[in-house]
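# Residue-level structure breakdown
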Amino acid sequence: MVKSGEEEKIRHILTDPKLAAIKTMLEKDHAIDCIFLLHMNRGKWKPAKDFMRENGLTLSDGTFRARMIEIEDLGLAESKRIDPLKKYYVQTEFGEKVAKLLLELFGKLGL
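So, here is what we can say about the structure in this document. From a predicted model like this one, the values you see are computed outputs, not experimental measurements.

## Topic: the packing of aromatic side chains
- Under the definition given, this model contains two aromatic pairs.
- With centroids separated by 6.4 Å and ring planes inclined at 70°, the aromatic side chains of Phe-36 and Phe-106 adopt a geometry described as edge-to-face. Note that Phe-36 is positioned in helix 3 (residues 31–39) and Phe-106 in helix 6 (residues 93–109), a separation of 70 residues in sequence.
- Between Trp-45 and Phe-64, the aromatic rings sit 5.4 Å apart at their centres with planes inclined by 50°, giving tilted as the arrangement. Of this pair, Trp-45 sits in helix 4 (residues 45–54) while Phe-64 sits in helix 5 (residues 61–73), and the two are 19 residues apart along the sequence. The two residues Trp-45 and Phe-64 agree in class, both being buried.

## Some remarks on helix 2 (residues 17–26)
- Of the residues making up helix 2, those classed as buried are Ala-20, Ile-22 and Met-25.
- For helix 2, the elements touching its buried residues are helix 1 (6–15), helix 3, helix 5 and helix 6.

About the thresholds
- Residues numbered from 1 in each chain as written.
- Predicted model: local features only at pLDDT ≥ 70, side-chain atom pairs only at ≥ 80, totals over all residues.
- Heavy atoms only, no water.
- Phe/Tyr/Trp six-rings, centres within 6.5 Å; stacked < 30°, edge-to-face > 60°.
- Helix = DSSP H or I, 4+ residues; strand = E, 2+ residues; numbered from the N terminus.
- Buried < 20%, exposed > 50% of the residue type's maximum accessible area, 1.4 Å probe, protein only.
- Contact = heavy atoms within 4.5 Å.

Structure (structure tokens):
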């Protein structure tokens, strides 16, 4: 049963353009992985790939780049140029807030 006021909060999340865009991005493959990688200062492909492999996880180059572009578009990260073809991503203050909330969420699940 939905508590008083929760339905309106849900409606707001689903219909507010900014919140709906964040929700949609979080639903995509490896979005949370990429937010956590940014939080660990692994916003460059090689360190991200190495971390995932060290932990027996997979993440393709194309998926990493696609998620990082979306994350940047939403203001959770900003890109920095390494050279004309390469860039890396750093977490913004907003991205840090989202990462900490995700960490808190998974911590409270306590599974």
